[in-house]
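# Examining the three-dimensional arrangement
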Amino acid sequence: MSAVTRRLILGAAALGALACGDIASPERTDLYEWRLFVPGTGGGTDTLSFFWSQSHLPVRIWAEDAAGLPGYAERAIGIWESGFLYREFRGEMVSDSSTADVLIFANSAPNLVLGVHRLHSMAPECSGATDIEVSDDHTQLLIPVRVFIDPVLPVDQPATQTCLALTTIHELGHALGIFQHSPNPDDIMFANPLVEAPSERDRGTIEAVYHFPPTLEPVRP
Amino acid sequence: MPKAILSCLLLLAVGAPPVQAQANYFLRVGAVGASKLLKDFITSPITVKQSIAPMVAFGGSLPVGTKGYRAGLEASIESGSFHSTENGVDTDLGTLRTGALTAFLEGPVVDRLRWNVGLGGIAYRPAEDSGIFAQGGTTSFLAAAGADYRHPIHEKWDVMASARYDYHRFNTDELEARGFSHSQGVGRVSLTVGIARGLR
């Protein structure tokens, strides 16, 4: 076998090996817990997890026209949408609150009622809360999901505006299905959010939320 | 040979009058089907694939040597949808346009049948910069091979039917940013019909 033939065969083999390989998926191990664990209806613990399935998309979101919330909400929708690779979530702003899946109010959260699980976020300039209301048997998420964003300081202050922007992203993250807080301050879903956009870990976690079987089905009472 | 091909391509591109008599031009329409763009795994396998898309191909060639070989350029444009599939459920991911430019060499097989091999590039342009294309489209080198069949219908014109297979590697900036490594081999098969200025 001549040197040229050998080179050709080796070249073809290398090209073949390169051509036949598939793209390799990332590991996706850097996630935080997103499911909510509550006392079970029949003892023990029930796991609550949820995402908006394709049949419910786009998720209709209404924001009270105060403190610039509609603008913050629209931006938050776009930020979360861009976190997905396969269009698992899409949202749209609606002007009719009676048809919305998620309601965002510009005030503090009311007193907690039975059956509602509240997720708080607290920053010096504004506070946020998302109420997750589930049926007694822990199989249904009662919609609309209610979000409360309360500007503690005047809304014309830059610090308050920054707080409103990141808190809206954070609370919408809960409404999308992240029912826990991240233990890491670099994540937007940290209990007291400090960063202005979802981290790689936030994006990985929301991606996981939309691919694990949910335990709750959205129902409008 | 490479020098001859380059010269022909250059002349064809500028449309120099002395070579117009020997030039062959073609325009074809048809459809292209492609293998998967990527396979992912989150909790179950997810594949992303383009739907069969309409395509337009056009180009031209010039003779190379005396044995019936020709060298030329072919451009093609395809536009269709792409979707992801997980557990048998499809999700529409929008519209995806591709364009390919190939420098090719062709020659006779038998009678009206000719072989065709080429090298070039392919560009992906999504209608929306989102999902796997969140950081925009992508480009890649491409290798192609196929066959053309010509049937004369006029003194100077042929009906032309072509079958092509081409292959390239696919990846996007967004996928790389998300930790995907290597790239995905994508094979495409196209069938087209059209008209060509005859090789007589």
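Residues numbered from 1 in each chain as written. Chains lettered and ligands numbered in written order. Predicted model: local features only at pLDDT ≥ 70, side-chain atom pairs only at ≥ 80, totals over all residues.

In this section: the overall build of chain A. The helix and strand tally for chain A stands at four helices and ten strands. In terms of overall dimensions, chain A has a C-alpha envelope of 85 × 50 × 35 Å along the principal axes. The 221 residues of chain A split such that 37% are buried. Sequence-distant contacts in chain A: of pairs separated by 6 or more residues, those separated by 24 or more amount to 67%. (Helix = DSSP H or I, 4+ residues; strand = E, 2+ residues; numbered from the N terminus. Buried ≥ 20, exposed ≤ 12 C-beta atoms within 10 Å, placed from the backbone. Contact = placed C-beta atoms within 7 Å.)

A word on the pairing of strand 5 (residues 69-86) of chain B. Residue and element names in this part refer to chain B. Judged from the five bridges that link them, strand 3 (residues 45-50) and strand 5 form a sheet pairing that is antiparallel. In the sheet register, T47 faces strand 5, and the bridge partner there is T85. Pairing of strand 5 with strand 6 (residues 89-110), which is carried by 16 bridges, proceeds in the antiparallel orientation. In the strand pairing of strand 6, T85 is matched with D90. (Pairing = 2+ DSSP bridges.)

Residues and elements named next belong to chain A. Structurally, V152 is set in the loop between strand 9 (145-151) and helix 3 (158-176). Take V152: there are 13 C-beta atoms within 10 Å of it, and that puts it in the partly exposed class. Expressed as a C-alpha distance, the spacing of V152 and E125, which sit 27 residues apart in the sequence, is 5.3 Å. Look past the residues within four positions of V152 in its chain and what remains in contact with it is E125, C126 and S127.

What follows covers unusual backbone geometry. Residue and element names in this part refer to chain A. Cis rather than trans, the peptide bond between L57 and P58 has omega equal to -5 degrees. The step from I143 to P144 runs through a cis peptide bond, and the omega angle for that step is 10 degrees. Non-glycine residue R28 carries a positive phi angle of around 55 degrees.

Moving on, we get to the sheet that holds strand 4 (residues 91-93) of chain A. Through backbone hydrogen bonds, the strands of a sheet pair up, either in parallel or in antiparallel fashion. All names here are of chain A. What the six strands build is an open sheet, ordered 4-3-5-9-7-6; its pairing is mixed. Edge positions in the open sheet fall to strand 4 and strand 6 (116-122), since each of these has one partner strand only. Looking at each pair of strands side by side, their axes are set apart by 20 degrees on average, direction ignored. Strands in contact with helix 3 are strand 5 (102-105), strand 6, strand 7 (126-133) and strand 9; relative to strand 7, the strand with the most contacts, it is inclined by about 15 degrees. (Axes fitted to C-alpha atoms, helices over the stretch in contact; angles between N-to-C directions.)

All names here are of chain B. The share of residues in chain B with pLDDT of 70 or more is 88%, and the mean pLDDT across the chain is 90. Of all secondary-structure elements in chain B, the lowest mean pLDDT belongs to helix 1 (residues 2-14), at 52, while strand 7 (residues 113-126) reaches the highest, 97. This complex was scored by the predictor with a pTM of 0.84 and an ipTM of 0.81. (pLDDT = per-residue confidence, 0-100.)

Mapped onto the elements of the fold, S55 of chain A is located in the loop between strand 2 (45-48) and strand 3 (59-63). Each C-alpha atom, one on S55 of chain A and one on E125 of chain A, is 37 Å from the other, the two residues being 70 residues apart in sequence.

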